[in-house]
Amino acid sequence: PTEDGSLFVIDKYHGDSARSVKTLSGGETFLISLALALSLSDMASKNVTLGCLFIDEGFGTLDRDTLELAMTTLETLQSESQKTVGVISHVEALKERIHVQLRLIKNAQGFSRIEIN
């Protein structure tokens, strides 16, 4: 942070230039948020066992390549750490890639049921 509290990121793809977080795209913001969540989870698990991590949305802001990177990162995290990684999303590409799914199905009367696929 700067003296006025502004946050910057180091953009490795553009010559290590410092960029204000205000200039980030939705996808870039999502990836930085994911990296921070994973880092905080890792730090917290040093004192307490954290067996699961849930990511809620944000995937809709990603282009195809960035979505692939995010999913590969989460799959690697799950396989290497033995953590359960839950993703909450409506993005079709994720539905195709995630094998075990809990779906909330709403009926015409406004009630919902859970379906496990």
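In what follows, the structure referred to is the one given above.
Quantities reported herein were computed from a predicted structural model and do not represent experimental measurements.

Points about helix α2 (residues 64-81)
Every α-helical turn comprises 3.6 residues, leaving residues that sit three or four positions apart pointing alike.
For step 1, the next point in the chain: The end-to-end C-alpha distance of α2 is 26 Å, a good match for the 26 Å that 18 residues give at a rise of 1.5 Å each.
For step 2, the next point in the chain: Looking only at α2, the buried set comprises Thr66, Leu67, Ala70, Met71 and Leu74. Down the axis of α2, the buried set is contained in an arc of 135 degrees. They therefore lie on one face. The outward face of α2, more than 90 degrees from its buried face, is lined by the exposed residues Arg64, Asp65 and Glu80.
For step 3, the next point in the chain: Residues of α2 that are buried make contact with α1 (26-44), β3 (52-56), β4 (84-88) and α3 (92-97).
For step 4, the next point in the chain: Where α2 begins, the capping side chain belongs to Asp63, and its oxygen is found 3.1 Å from the backbone nitrogen of Asp65.
For step 5, the next point in the chain: Looking at the residues trailing α2, positive phi occurs at Gln82, about 60 degrees.

Here we look at a nonpolar patch on the surface
For step 1, the next point in the chain: There is a patch of nonpolar side chains on the surface, built from Val100, Leu102, Leu104, Ile114 and Ile116 and spanning about 620 Å² of accessible area.
For step 2, the next point in the chain: Counting residues per element, the ones that place at least two in the nonpolar patch are β5 (102-106) and β6 (112-116).

Quick look at the packing of aromatic side chains
Between two aromatic rings, the relevant description is the distance of the centres plus the angle of the planes.
For step 1, the next point in the chain: With the rule as written, the count across this model stands at 1 aromatic pair.
For step 2, the next point in the chain: Relative to Phe59, the ring of Phe30 lies with its centre 4.8 Å away and its plane at 55 degrees, an arrangement referred to as tilted. Here the residue Phe30 occupies a position in helix α1, and Phe59 occupies one in the loop between β3 and α2, the gap between them amounting to 29 residues. Across the pair, exposure class does not vary: Phe30 and Phe59 are buried alike.

Describing the layout of surface pockets
For step 1, the next point in the chain: Its volume calculated, the largest pocket comes out at about 760 Å³.
For step 2, the next point in the chain: Around the largest pocket sit 22 residues that line it, and Val87, Ile98, Val100, Gln101 and Leu102 are the ones nearest its centre.
For step 3, the next point in the chain: Per-element tally for the lining of the largest pocket: the top contributor is β4, with 5 residues.
For step 4, the next point in the chain: Of the residues that constitute the lining of the largest pocket, the class distribution is 12 nonpolar, 6 polar and 4 charged.

Details of unusual backbone geometry
For step 1, the next point in the chain: Even without glycine at this site, Asp16 takes up a positive phi of about 60 degrees.
For step 2, the next point in the chain: Along the chain, the position of Asp16 falls in the loop between β1 (8-11) and β2 (17-20).
For step 3, the next point in the chain: On the accessibility criterion, Asp16 (42% relative accessible area) is partly exposed.

Quick notes on the rules
Residues numbered from 1 in each chain as written. Predicted model: local features only at pLDDT ≥ 70, side-chain atom pairs only at ≥ 80, totals over all residues. Heavy atoms only, no water. Helix = DSSP H or I, 4+ residues; strand = E, 2+ residues; numbered from the N terminus. Expected span 1.5 Å × (residues − 1). Buried < 20%, exposed > 50% of the residue type's maximum accessible area, 1.4 Å probe, protein only. Arc of directions from axis to C-beta. Contact = heavy atoms within 4.5 Å. Polar contact = N/O pair within 3.5 Å; in protein donor to acceptor, adjacent residues only side chain to side chain. Patch = residues over 30% accessible without salt bridge, like charges linked within 9 Å, V, L, I, M, F, W, Y side chains within 5 Å. Areas by Shrake-Rupley, 256 points an atom, 1.4 Å probe, with all protein chains shown as cover. Salt bridge = Lys/Arg side-chain N within 4 Å of Asp/Glu carboxyl O. Phe/Tyr/Trp six-rings, centres within 6.5 Å; stacked < 30°, edge-to-face > 60°. 1 Å grid on protein atoms, 1.4 Å probe; cavity = no way out; pocket = protein on both sides within 12 Å on 5 of 7 lines; lining within 4 Å. Points joined across faces, edges and corners; volume = space filled by probe spheres on them. Nonpolar A, V, L, I, M, F, W, Y, C, P; charged D, E, K, R; others polar.

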